[in-house]
Amino acid sequence: QVEKNITELYEYGGYTEINIKGLYWMQGCNNRTEPAEYQVAFEYFADDVRADLSDLMKKFTGSSDDLGASEMSIIVGTISQTQNLTDASIEENVNKPFVEMQKGLADVIENCYVVDNSQYAITRWNTGTGNAEVLGSDQWHWNQADALEIGYNVGELIVNEILTENN
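Overview of the structure.

Definitions and limits used
- Residues numbered from 1 in each chain as written.
- Predicted model: local features only at pLDDT ≥ 70, side-chain atom pairs only at ≥ 80, totals over all residues.
- Heavy atoms only, no water.
- Helix = DSSP H or I, 4+ residues; strand = E, 2+ residues; numbered from the N terminus.
- Buried < 20%, exposed > 50% of the residue type's maximum accessible area, 1.4 Å probe, protein only.
- Salt bridge = Lys/Arg side-chain N within 4 Å of Asp/Glu carboxyl O.
- Patch = residues over 30% accessible without salt bridge, like charges linked within 9 Å, V, L, I, M, F, W, Y side chains within 5 Å.
- Areas by Shrake-Rupley, 256 points an atom, 1.4 Å probe, with all protein chains shown as cover.
- Lys, Arg positive; Asp, Glu negative; His and termini not counted.
- Charge placed at Lys NZ, Arg CZ, Asp CG, Glu CD.
- Phe/Tyr/Trp six-rings, centres within 6.5 Å; stacked < 30°, edge-to-face > 60°.
- Lys NZ or Arg CZ within 6 Å of the ring centre and 35° of its normal.

1. Structural notes on unusual backbone geometry
- Residues other than glycine seldom take positive phi values, yet Leu-67 does so here, at roughly 55°.
- Structurally, Leu-67 can be placed in the loop between helix H2 (35-61) and strand E2 (73-77).
- On the basis of relative accessibility, which here comes to 16%, the residue Leu-67 falls in the buried class.
- Of note, Asn-111 is a non-glycine position whose phi angle comes to about 55°, a positive value.
- Looking at where Asn-111 falls in the secondary structure, it is placed in the loop between helix H3 (90-108) and strand E3 (112-115).

What follows is the structure in structure tokens.
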């Protein structure tokens with residue numbers, strides 16, 4: 001899809017220079033029970049995405065210049081600590097260790113940043129009823145207000161940290 005879009009920009013959009021600057025990645029809910037395995041897979045994923053985009057940009061430039069794709073910033077958005085609470089222990093025993101692993105990705109992957117979305121609650125465990133109360137749009141996703149706040153936080157990170165460091 002990226003190759004198709006870049007081709008269209010070159011051929012039909014009139015753009016003569018395209019620079020891939022970064023990737024925002026917010027995923028992990030289905031993998032949250034295996035944080036160590038996810039970390040290893042994510043390290044490979046980051047390397048593979050950068051390599052694939054580097055090769056693609058070299059193809060378009062017709063040179064060894066990948067326009068920075070091999071070193072592009074990767075921003076990781078953490079999952080919520082309260083995502084899909086099916087019992088009272090999920091937050092502490094499943095979600096929290098996964099979030100902590102995500103927060104550490106910036107320490108093991110070069111040019112990687114983390115936006116901590118974990119404080120935005122999606123569900124809340126009600127000890128009185130023994131059930132989760134949904135605060136998000138469903139038990140997996142944030143509500144609109146929180147999604148907008150997360151978007152603001154991503155933009156703030158880009159402007160205040162990434163652009164500042166790369167200029």
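After that view of the structure, there is still more to cover.
2. Remarks on the pattern of salt bridges
- Counted according to the given criterion, the structure contains 6 salt bridges.
- The partner of Lys-96 in a salt bridge is Glu-92, and the shortest N-O contact between them spans 3.8 Å. Placement of the pair is Lys-96 and Glu-92 together in helix H3, with a separation of 4 residues, close to one helical turn.
- A relative accessible area of 32% means that Lys-96 is categorised as partly exposed.
- Put simply, Glu-100, Lys-103 and Asp-116 are held in one network by salt bridges that share partners.

3. Digging into a negative patch on the surface
- A cluster of like negative charges, contributed by Asp-47, Asp-48, Asp-52 and Asp-55, occupies part of the molecular surface.
- As for its placement among the helices and strands, Asp-47 is situated in helix H2.

4. Considerations on the packing of aromatic side chains
- One pass over the structure, following the stated rule, counts 5 aromatic pairs.
- Aromatic side chains Tyr-10 and Phe-60 sit 5.2 Å apart centroid to centroid with 5° between the ring planes, which places their arrangement in the stacked category. Placement of Tyr-10 in helix H1 (residues 2-11) and of Phe-60 in helix H2 is noted, with a sequence separation of 50 residues between them.
- Taking the relative accessible area as the measure of exposure, Phe-60 reaches 22% and is therefore partly exposed.
- With centroids separated by 4.4 Å and ring planes inclined at 45°, the aromatic side chains of Trp-25 and Phe-45 adopt a geometry described as tilted. Here Trp-25, found in strand E1 (residues 22-25), pairs with Phe-45, found in helix H2; they are 20 residues apart in sequence, far enough to count as distant.
- Judged by its relative accessible area of 25%, Phe-45 falls in the partly exposed class.
- The ring centre of Phe-60 lies 5.9 Å from the NZ or CZ of Lys-59, which sits over that ring.

No statement about biological role is implied by the geometric values presented.
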